[in-house]
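# Descriptive analysis of the structure
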Amino acid sequence: MHGVDDTFRDNRDRKTQIVVVGGGAGGLELVRKLGAKFGRKHHDIILVDKNLSHIWKPLLHEVAAGSLDANLDEVGYRGHCYRWGYRFFQGSLDGIDRETRTISLAPMYDEEGKEVIAGHTIRYDYLVVAVGSVSNDFGVPGVKEHCIYLDSRDQADRFRTRLLNHCLRVSRAMMANPDANEQVKIAIVGAGATGVELAAELYNAAGALRHYGLEVFDESRLNVTLLEAGGRILPALPERLSDAARHELTELGVTVKVDTQVIEARPRTLLTSSGDHIDADLIVWAAGVKGAEFLSELGLETNPRNQIKVRETMQTITDDRIFALGDCASYIPEGAEAPIPPRAQAAHQMANTVFDNIVRSLKGKALKTFSYQDKGSLISLSRFSTVGSLMGNLVGGSLAVEGRMARFIYTSLYRLHLLGIHGWVKGLFLMLIGRVNRIVRPKLKLH
């Protein structure tokens, strides 16, 4: 009888545990809302991420070019979780046991190979997978070995360090011999948002380097080639805006090559299907995204790109207790031919639906159907220009925007992200600090 009482007390006192794996835009916003909604008394909200901090992924091209200091713009999970009433565990998802409703986390090691955190399990009542995406190399030989991705802050930092080293080499060579024609050659594969924005941001950074100790270095020392397998850059935008962006890039000095398929990456060289060799000191692969390989090994149904298939409620097809959102999820609306595109706005909207449906599930109510509202696409060409289309799925088509209006809206998207993860008070305060930092901090991060 004593054992029965203990069991009853354990079940009565056990908190409802909601685990979110992935602290990207959607995952971080979700745990913030869950923590604010439920608190710690009867619920245990847990965020799991392999990193210690968050930075908005659409800003990684600015981190890579050195025009954004990630140390000032990142969000530390430990401080954020204390503020919003959830717990943070550092680790990588290693497996899901749906029978016992537990996830396993892989061991973590330091730079010397010593184990810091042993592998362990975390139970869940509801699980949300929001681990984002990784670059898709499409099986092209040599890409993993010889190209740089921009999927994480570490990769962006690595690119920036190598970029600055090459710029310094060229600057020193030009000082030693003013008649030398030294250049930093960069090839970017993929003319979607990341590739186009990075190409423009590189010229913005190169133009400022002369003010930071590289006196003989300027934009003319930069040689950027943008490669696209399709017929035009920025295929998600209307053709007129795509052409406007290409014209802007060409004016900056970018060599744009469309209908150019890369079939092999070699050390400092790309080989195309037409037999051309494109030499580069740095090669960035931004040709597409997919889910990480481990997603197809979790026992959940996935598509050929390793994305977890979800229903209209954002629940996985395999298990009602498991949700997925953002780039790692694949949802094809009824009547549509393709899944929702991997965009920050989609992750934000999915996070809202998952939050509502977890709350509804706990109350025994019917779940909501996710309805994607396409707000359009905006592409920032650094300080030079911004182009895009708004209201992408409204009746009557899209509203084309360019110039200052587009730049204002593009900046507003990041501000909305800040409000989503910090709330109104701190979000508005951080916007104010951001404006001050633009004045007082250096234009480039050179360390």
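Structure's up top.
About the criteria used
- Residues numbered from 1 in each chain as written.
- Predicted model: local features only at pLDDT ≥ 70, side-chain atom pairs only at ≥ 80, totals over all residues.
- Heavy atoms only, no water.
- Axes fitted to C-alpha atoms, helices over the stretch in contact; angles between N-to-C directions.
- Helix = DSSP H or I, 4+ residues; strand = E, 2+ residues; numbered from the N terminus.
- Parallel < 35°, antiparallel > 145°, perpendicular 65-115°, else oblique.
- Contact = heavy atoms within 4.5 Å.
- Nonpolar A, V, L, I, M, F, W, Y, C, P; charged D, E, K, R; others polar.
- Buried < 20%, exposed > 50% of the residue type's maximum accessible area, 1.4 Å probe, protein only.
- Expected span 1.5 Å × (residues − 1).
- Pairing = 2+ DSSP bridges.

### Structural notes on the packing of helix 2 (residues 25-38) against helix 5 (residues 77-84)
Where helix 2 contacts helix 5, the axes come no closer than 9 Å and their chain directions differ by 30°. With respect to helix 5, the axis of helix 2 lies roughly parallel. Touching Leu28, Arg32, Gly35 and Ala36 of helix 2 are Tyr77, His80 and Trp84, all from helix 5. Across the contact of helix 2 with helix 5, the residue classes break down as four nonpolar, two polar and one charged.

### Here we look at the side chain of Asn357
On the secondary structure map, Asn357 appears in helix 10 (residues 344-363). The class of Asn357 is buried, set by a relative accessible area of 0%. Beyond its immediate sequence surroundings of up to four residues, Asn357 is in contact with Thr313, Phe323, Leu367 and Lys368.

### Notes on helix 10
The terminal C-alpha atoms of helix 10, which comprises 20 residues, lie 29 Å apart, in line with the 28 Å expected from a rise of 1.5 Å per residue. Within helix 10, burial applies to Gln345, Ala346, Ala347, Gln349, Met350, Ala351, Thr353, Val354, Phe355, Asn357, Ile358 and Val359. At the C-terminal side of helix 10, Gly364 shows a positive phi close to 75°.

### What to know about the sheet that holds strand 6 (residues 93-97)
Spatially, 6-7-10 is the arrangement adopted by the three strands of the open sheet, whose pairing is antiparallel. This sheet does not close on itself; its edge strands, each paired only once, are strand 6 and strand 10 (120-123). Direction aside, neighbouring strands of the sheet carry axes that sit 25° apart on average. Alignment of strand 6 against strand 7 (residues 102-105), held across four bridges, turns out to be antiparallel. Looking across to strand 7, one finds that Gly95 is bridged to Ser104.

### A look at the sheet that holds strand 19 (residues 282-285)
The strand order across the open sheet built from four strands is 15-14-13-19, with neighbouring strands paired in parallel fashion. In this open sheet, the two strands that pair with only one neighbour each are strand 15 (255-257) and strand 19. Pairwise comparison of adjacent strand axes, ignoring direction, gives a mean angle of 15° for this sheet. Looking at chain direction, strand 14 (residues 222-227) and strand 15 are connected through three bridges and run parallel. Each residue of the ladder has a partner; that of Thr225, found in strand 15, is Thr255.

### Quick word on helix 2
The terminal C-alpha atoms of helix 2, which comprises 14 residues, lie 20 Å apart, in line with the 20 Å expected from a rise of 1.5 Å per residue. Of all 14 residues in helix 2, 11 are buried; the element is thus mostly enclosed. For helix 2, the complete set of buried residues consists of Ala25, Gly26, Gly27, Leu28, Glu29, Leu30, Val31, Arg32, Leu34, Gly35 and Phe38. Just past helix 2, the residue Gly39 takes up positive phi, approximately 70°.

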